[in-house]
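Analysis of the macromolecular model
These are the residues of each chain, in order.
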Amino acid sequence: MANLTRLASSQIREIVLASLGRLVTSGKAPSEPLPDFRVEIPADKSHGDFAVNTAMVCAKAFKLPPRKIAEMICDELVLDGTYFERTEIAGPGFINFFLGRRWFSEIVDTVIKEGSEYGKTETGSGKKVLVEFVSANPTGPMHIGNARGGAIGDCLAEIMKWAGYDVQREFYVNDAGNQIEKFGKSLNLRFMQICNGKGQAVIEKCGGNIQDICETIYNDTENFPMPEDVYLGMDIIEHAYNYFKENGSSLSSENEDIRKKTLTAFALPKNIAGLERDLSKYRITYDNWFKESTLHNDGSVNEIIQKLKASGYTYEQDGALWFKSSQLGDEKDRVLVRANGVVTYFVPDIAYHYNKLVTRGYDKAIDIFGADHHGYIPRMKAALTALGVEANKLDIVIMQMVNLVRNGEKYKLSKRSGKAITLSTLLEEIPIDAARFFFNLREPNSHFDFDLDLAVEKSSQNPVYYVQYAHARICSLITNLKAEGFEAEDYSIENLSVLDKPQEIELIRQLAALPNEIDNAAKTYDPAKITKYSVELATLFHKFYDVCSVKNAESEELKKARLVLCKAVLQALRNSLTIMKIECPEKM
């Protein structure tokens, strides 16, 4: 795919190096290795479309003032055959380059011709990348942190695809370990309560209505007490009652271990199916659902223990097996196997990442984690290093929590209180488009308040509505002009040279930025760059549309050129929204 911004930057580098070469050949400059210089895009466009610091970095070698060197370079520059029409020297010796009309015309033409492919790059060169995100415990519904992680992870995976990577999305199912033991314990306690006299009385009183049964048992803590070390949500009561309804109370006569295993086997698949259902509604489809239990069952966990022992980075103390992670950048050593012979959660996590990067051979593994996982990064990288795996193949994106706000006040809800706002209930209150867009308004590692009122507001204050309105506005314009027999299908690049108003030029500059924004978003793991891009593009379009009439343009040629520009903006908006899996309405 074409990236005319990068091409223009390359042209500058070529002609500046050619100018320096001529200076050396003519004896005006010393024949010495020169340091690299930067080609940048100035924030202030009065300083040119591009600028280079060549003169400053060459000052030591030339033994001349930077401004004098800039003058010498400019004297030898040949702009013929490039996108640039002039240069000027600014400040201590910056050389500013100004683009000619041809570049702007080619940008619009490129967007039109590449269509739904515009913005894609080949930066990733087909490298295999696995993005793991959400991976919520299957012991209950997904909370708001999972909602943000889902939006970030899914959009990041799509951005990396657009940047030329071979990407797969994965959900790691924690179907083993302490949380599953806790899940089974919770189910067992609620099941036994349902089977006893008090539970049967509630069922009879509620006439078998599951919601009434769950609420009654949940709220009656005197007759149905629960310890603190269990899951307290009403979903646990619902699972226990559903098992009773389908199978009766015969399980209550079995021993506790059998009850816990049976109830877990009944409820866990339903929870996992619920996760998949809710995420699908959220427009997230995974390539893989990887179960932790497979690592235990296929021997991977034991294999990792043996590999770590063989690495020389383990030792035994007080009957436990320890990992010398402090020698590899971690703040302290970590227990791998407790004195009772039970592995810590860290071991299957190591096995899982070894599986990603070695067994399955991904070039890069990206994890989207919550803010409480900061300490996880050095210990996991230490483990990979001990296993002979390049630690930089693993990147972990830390995501801060979100505050839900309604009527100017924070929502304070607990996941396990039985009254938590979940991903599912959130999507009943606000549009999916708003959820996915709002959760990507800030970079992952930043806190922000999610305004639930703003998310449903139909005004320019709502950023996703604002962007979608720009898309719909252009669609309406195209439809109305088509009804009048005007479509501008037969334009040429030369037709587009009449686009020279400041609002037109700024709009085209923003169109040109999309490929680089995608590359930057992929490089920094920041989908917010694409939401910000789309908002800025919509803003510049609205400014253009309010000043530069399309329908009543001064000439037919200008009318045609502006309509083509509008179509290019429509395509760039559509591509940006498509990356985020947000709808592109034609009417609003």
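Details of the structure are given in the entry above.
Residues numbered from 1 in each chain as written. Predicted model: local features only at pLDDT ≥ 70, side-chain atom pairs only at ≥ 80, totals over all residues. Heavy atoms only, no water.

A closer look at the sheet that holds strand 15 (residues 448–451)
Put simply, the rule is: Pairing between strands requires that DSSP locate at least two bridges from one strand to the other. Helix and strand assignments follow DSSP, with helices taken as H or I runs no shorter than four residues and strands as E runs no shorter than two, numbered in order from the N terminus.
As summarised here, the arrangement of the three strands in space is 14-13-15, forming an open sheet in which the pairing is mixed. Two strands bound the open sheet, and with one partner strand each, they are strand 14 (409–410) and strand 15. Here strand 13 (residues 402–406) pairs with strand 14 via two bridges, running antiparallel. Within strand 14, the residue paired with Arg406 across the bridge is Glu409.

Observations regarding empty space enclosed by the protein
The rolling of a water-molecule-sized probe over the atoms marks out the regions of remaining empty space. Put simply, the rule reads: The way it works is a 1 Å grid over only the protein atoms, where trapped points that fit a 1.4 Å probe form a cavity and open points with protein on both sides within 12 Å along at least five of seven lines form a pocket, and then any residue with an atom within 4 Å of a point lines it. Grid points are joined across faces, edges and corners, and a volume is the space filled by probe spheres set on the points. Residue polarity is assigned by list, with Asp, Glu, Lys and Arg as charged and Ala, Val, Leu, Ile, Met, Phe, Trp, Tyr, Cys and Pro as nonpolar; anything else, Gly included, falls into the polar class.
This structure, assessed with the given rule, holds one cavity of 30 Å³ or more. The space that makes up the largest cavity amounts to roughly 30 Å³. Lining the largest cavity we find Ala2, Asn3, Leu4, Thr5, Ile107, Thr110, Tyr118, Ala512 and Pro515. Of all the secondary-structure elements, those providing two or more residues to the lining of the largest cavity are helix 1 (4–25), helix 4 (101–114) and helix 19 (502–524). Along the lines of polarity and charge, the residues of the lining of the largest cavity split into six nonpolar, three polar and no charged.

With respect to helix 8 (residues 210–219)
Worth spelling out the cut-off: Only protein chains enter the area calculation, which uses a 1.4 Å probe; residues under 20% of their type maximum are buried, those over 50% are exposed, and those in between are partly exposed. Note that the arc is computed from the directions linking the helix axis to the C-beta atoms. By the convention used here, residues are in contact when the closest approach between their heavy atoms is within 4.5 Å. Here a polar contact is recorded for every N or O atom pair within 3.5 Å, except that within protein the pair must consist of a potential hydrogen donor and a potential acceptor, and residues adjacent in sequence are included only if both atoms are side-chain atoms.
What helix 8 keeps buried is the set Ile213, Cys214, Ile217 and Tyr218. Angular distribution of buried residues about the axis of helix 8 spans 120 degrees; they occupy a single face of the element. The exposed residues of helix 8 that point more than 90 degrees off its buried face are Gln211 and Asn219. Against helix 6 (178–195), helix 7 (197–205) and helix 9 (234–247) lie the buried residues of helix 8. Structurally, the start of helix 8 carries an N-cap: the backbone nitrogen of Gln211 is 3.1 Å from a side-chain oxygen of Asn209.

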